[in-house]
Amino acid sequence: MDFLTAGIRGLLAKRSQISLTVCGIAIGVFSVLVISAIGSTGQAIIGQELEKLGFDCITVSASQKELNTMGPDDLVAVAAPLNTSIGRVVMRDYAGEVLLCGVDQNARQIIQLELKNGRFFQESDIAAGANLCVVDEKLAHSFYKRTNIVGKEMSITVDQGTETFTVIGVVDGESNLLNNLAGGYVPSFVYIPYTAHQSLCRGSAIDQLFVKAAPGTEPEVAGERIAHLLNVSAGYRNLYRYEDLAVQKDRLDSILSGATLALSAIGGISLLVSGLSIMTIMTVSVQDRTREIGIRKAIGAERSSIITQFLIEAAVICSIGGLIGIAIGYVGTMIAGKLMGDVFEGIILMPEPMIALGAFLFSVVLGVIFGMSPAIKASGLQPVVALRAD
């Protein structure tokens, strides 16, 4: 306790000299906190958007036979078939190319289609192979300059087959898995029952199954199980394969984590620079207090006590700077988080407590390390030489 009191008394005597060093430590800690908070928040935002786009599901190649014989499975929450082809639509004497998607009533749970007008397919529509379609807003606006075109009819041509379909719904085409996978190169999407798609294309195969794993089940485990069931049903080995779209999300998370760590390390460089200033100011302090050190050694002070006092002073400097940096970091991110809350719902911008604690401890350890050399120098002064100092 005496060492701490003496250290604080020594700091108060030269508070004007240490103010810049404290500011440097505070800025370094603040930088680490803000960068880590922005990185973790960015990961959360991207993760939410990818889940909306359907990147938490898997795709499995399958045919109609295997789809029917696979049956329910406790690892699967929902499965939906998908057939795709490039088609030509005609409406009001206007024509355009679209990506025609054959789906069923479960597609909205996989592809995250946001219904704007009308309704989506029902099980009866799929069973009957009804000539019904759901279009995206872009296509509706292209033909009618408005989005609600429920009840309108369009002619769809694929290869040599042409049939008339009635629009029963309009969806938001910007945020769904198919639009994302297409990379924005396909102008518009038209969704029809996959049974109607088979009739239009004169085929019976299903291109892919989109599968969402049951809660608590790893997508990779569900994918392996489904592919195995399909292979057993078909009597082949490795004929059917699965692709885990969540792997892409995990890879992006890893990249973002690495970038956040790298940027945090850059912010930590400012702490190292501040460490050099601590060494400088503690060296100056030793020179200014040479006579005091000589008196203490003359009356029997041990080297360890002098080293401890100077190290405590360095640690206190860094502690003050670290606490100021943490306070500014939390206040700054809270203000920025409230501003961001209007744009990203449910996102909280706040440094993680463990990051804040780690930055604080790192700054204190840094002070002890860089203060060690001046402290050892001070403890090694000879009493006679020290007392002669001006």
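A quick note: this is a predicted structure, and the numbers were derived from the prediction, not measured. (Residues numbered from 1 in each chain as written. Predicted model: local features only at pLDDT ≥ 70, side-chain atom pairs only at ≥ 80, totals over all residues. Heavy atoms only, no water.)

1. Considering the overall build of the chain
On a plain count of helices and strands, the chain comes out with 14 helices and ten strands. Split into buried and exposed, the 390 residues of the chain put 47% on the buried side. Of the roughly 19700 Å² that the chain leaves accessible, carbon and sulfur atoms contribute 59%. (Helix = DSSP H or I, 4+ residues; strand = E, 2+ residues; numbered from the N terminus. Buried < 20%, exposed > 50% of the residue type's maximum accessible area, 1.4 Å probe, protein only. Areas by Shrake-Rupley, 256 points an atom, 1.4 Å probe, with all protein chains shown as cover.)

2. Structural notes on the nonpolar core
Membership of the largest hydrophobic core comes to 27 residues, with the highest contact counts inside it found for Ile25, Val29, Ile278, Met282, Phe310 and Ile326. Going through the elements one at a time, α2 (15-52), α10 (246-288), α12 (303-341) and α13 (353-379) are the ones with two or more residues in this core. Element by element, the count of residues in this core is highest for α12, at nine residues. Residues in contact with Ile278, not counting those within four places in the same chain, are Thr21, Ile25, Ala314, Cys318 and Gly367. One finds Leu99, Phe120, Val171 and Phe189 within the second-largest nonpolar core, a separate group that totals 23 residues. (Core = buried A, V, L, I, M, F, W, Y, C linked by side-chain atoms within 4.5 Å. Contact = heavy atoms within 4.5 Å.)

3. Here we look at the pattern of salt bridges
The full count for this structure, using the stated rule, is two salt bridges. Note that Lys116 and Glu114 form a salt bridge whose closest N and O atoms lie 3.3 Å from each other. In this structure, Asp125 and Arg119 form a salt bridge, with 2.9 Å as the shortest nitrogen-oxygen distance. Note on Asp125: relative accessible area 8%, which makes it buried. With a relative accessible area of 31%, Arg119 lands in the partly exposed category. (Salt bridge = Lys/Arg side-chain N within 4 Å of Asp/Glu carboxyl O.)

The quantities given are spatial measurements derived from coordinates; they are silent on function.
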